[in-house]
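Descriptive structure summary
As a plain string of letters, each chain reads:
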Amino acid sequence: MNNLLFLKSASNEDLLVLSDIILKDRDGEYRWTENLSTEEIYKQNYPHSVKEYLPELINEFRLFGGNSIANMFRGEGPEYSEILHSVAKQCKVKFSPSSPDELVEMNILQKLFTDSLEKASEEELKSMVKELELPVTNFSRQAAITALMAAFRAGGFESYILLVSVVNAVTRFIIGRGLSLAGNAMLTRVASVMMGPVGWAVTALWTLIDIAGPAYRVTVPAVIQIAYLRQKSFNPEGYLEGETKEDLQLNN
């Protein structure tokens with residue numbers, strides 16, 4: 001669990017999303033292959049204190065990521081890195097086996113974002129460019145995509161806005177509810193625009209998942225949520241806590 005220790009500092013609200021991704025299907029029913037919901041530690045702490053059963057939740061996630069026979073022999077599921085690499089391959093993401101987990105995770109998020117932009121209409125692209133005030137003077141579809149991709153990779157305020165918008169759309173698709181958008185007006189508007197394109201991208205991904213096997217219905221969205229939470233833990237400036245861009249500039 002060493003490479004997932006950062007989850008201990010995540011909020012209960014964020015961990016609750018991860019818990020529901022792992023244990024419940026899109027209809028809100030418990031997966032017939034999970035066992036945690038029958039345990040006393042879960043019953044006593046869900047939904048108000050996910051941290052109390054976080055080790056058990058991670059173990060459940062790891063079991064979904066492994067072959068049932070192999071899990072039986074080793075007594076647990078594979079390590080997170082192995083699951084992450086499997087998810088990356090399933091999402092057709094290129095990576096080096098020696099890359100740190102956070103880099104592979106970001107490659108997955110970037111691939112999902114890129115696929116979403118390809119699905120977006122010109123009006124949706126224009127709206128995102130306008131909201132983020134990106135320097136696109138002579139608008140074209142390719143110019144907008146290039147500017148948005150550059151913003152996503154650059155880090156900082158715009159990058160976090162786009163990251164949260166993508167993950168919010170994924171969680172709405174998977175469990176029927178999104179992330180807390182913290183009252184940030186720009187984030188709310190961009191997230192609204194991203195719902196359609198990300199939905200199309202995830203639908204296409206789900207087709208591949210159905211072919212690959214049902215376990216990916218757990219591991220793919222769980223890895224996306226974990227990747228988001230890791231990026232959030234790297235965020236000392238508070239970009240995800242509701243400040244506007246101007247607030248952040250005034251505080252620096």
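Conventions we followed
- Residues numbered from 1 in each chain as written.
- Predicted model: local features only at pLDDT ≥ 70, side-chain atom pairs only at ≥ 80, totals over all residues.
- Heavy atoms only, no water.
- Helix = DSSP H or I, 4+ residues; strand = E, 2+ residues; numbered from the N terminus.
- Buried < 20%, exposed > 50% of the residue type's maximum accessible area, 1.4 Å probe, protein only.
- Contact = heavy atoms within 4.5 Å.
- Areas by Shrake-Rupley, 256 points an atom, 1.4 Å probe, with all protein chains shown as cover.
- Core = buried A, V, L, I, M, F, W, Y, C linked by side-chain atoms within 4.5 Å.
- Phe/Tyr/Trp six-rings, centres within 6.5 Å; stacked < 30°, edge-to-face > 60°.
- Axes fitted to C-alpha atoms, helices over the stretch in contact; angles between N-to-C directions.
- Left-handed = near helix turned anticlockwise from the far one by under 90°.
- pLDDT = per-residue confidence, 0-100.
- Arc of directions from axis to C-beta.
- Parallel < 35°, antiparallel > 145°, perpendicular 65-115°, else oblique.
- Nonpolar A, V, L, I, M, F, W, Y, C, P; charged D, E, K, R; others polar.

1. Some points on the overall build of the protein chain
Each helix and strand counted, the protein chain has 12 helices and 0 strands in total. Ordered by position in the sequence, the α and β elements of the protein chain form the string α-α-α-α-α-α-α-α-α-α-α-α. Among the 252 residues that make up the protein chain, the fraction classed as buried is 50%. Once local pairs closer than 6 in sequence are excluded, the contacts in the protein chain between residues at least 24 apart make up 62%. For the protein chain, the accessible area works out to roughly 12200 Å², and carbon and sulfur atoms hold 52% of it.

2. Description of the nonpolar core
Ranked by size, the top nonpolar core spans 84 residues in total, and within it Leu7, Ile22, Phe113, Met128 and Leu148 carry the most contacts. No other element matches the 13 residues that helix α9 (residues 157-175) contributes to this core.

3. Considering the packing of aromatic side chains
Under the definition given, this model contains 6 aromatic pairs. Geometrically, the ring pair formed by Phe61 and Tyr80 is tilted, given 6.2 Å between the ring centres and 45° between the ring planes. Residue Phe61 is found in helix α3 (residues 54-64), and its partner Tyr80 is found in helix α5 (residues 80-90); the two are separated by 19 residues along the sequence. Tyr80 shares its class with Phe61; the two are buried.

4. Digging into the packing of helix α1 (residues 12-23) against α3
Interhelical geometry of α1 versus α3 gives an angle of 40° and a closest axis separation of 10 Å. Note on packing geometry: the crossing formed by α1 with α3 is left-handed. Here Leu15, Ser19, Ile22 and Leu23 of α1 come into contact with α3, specifically with Leu54, Leu57, Glu60, Phe61 and Phe64.

5. Quick word on the confidence of the model for the protein chain
Any residue range with low pLDDT should be treated as having predicted coordinates unsuitable for detailed reading. Scored by pLDDT, the protein chain has a mean of 88; 87% of the residues are at 70 or more. Within the protein chain, the lowest mean pLDDT, 39, falls on helix α12 (residues 245-251), and the highest, 98, falls on helix α2 (residues 40-45). Overall, residues 240-252 carries pLDDT values under 50, and its contacts beyond four positions in sequence, including any with other chains, amount to 22 contacts.

6. Let's talk about unusual backbone geometry
Tyr46 connects to Pro47 through a cis peptide bond whose omega is 0°. Mapped onto the secondary structure, Pro47 falls in the loop between α2 and α3. For Lys92, which is not glycine, the phi torsion reads 60° and is therefore positive.

7. A word on the side chain of Ser159
Tracing the backbone through its elements, the reader meets Ser159 in helix α9. The contact partners of Ser159, leaving out residues within four places of it in the chain, are Ala151 and Phe152.

8. Here we look at helix α7 (residues 122-132)
Within α7 the residues assigned to the buried category are Leu125, Met128, Val129, Glu131 and Leu132. Buried residues of α7, viewed axially, fall in a sector of 165°; they line one side. Along α7, the residues that are exposed and aim more than 90 degrees away from the buried face are Glu123 and Lys130. Of the residues flanking the end of α7, it is Glu133, one or two places downstream, whose phi is positive at about 55°.

9. Observations regarding the packing of α5 against helix α6 (residues 101-119)
The N-to-C vectors of α5 and α6 enclose an angle of 25°; their axes lie 10 Å apart at closest approach. One element, α5, and the other, α6, form an angle in the roughly parallel class. The way α5 lies across α6 gives a crossing that is left-handed. Residues Tyr80, Ser81, Leu84, His85, Val87 and Ala88 of α5 pack against Asp101, Val104, Glu105 and Ile108 of α6. Grouping the amino acids of the contact of α5 with α6 by side-chain chemistry returns 6 nonpolar, 2 polar and 2 charged.

10. Remarks on the side chain of His85
Note on placement: His85 falls in helix α5. What makes His85 buried here is its relative accessible area of 15%. Residues within four places of His85 in sequence aside, it is in contact with Phe95, Pro97 and Val104.

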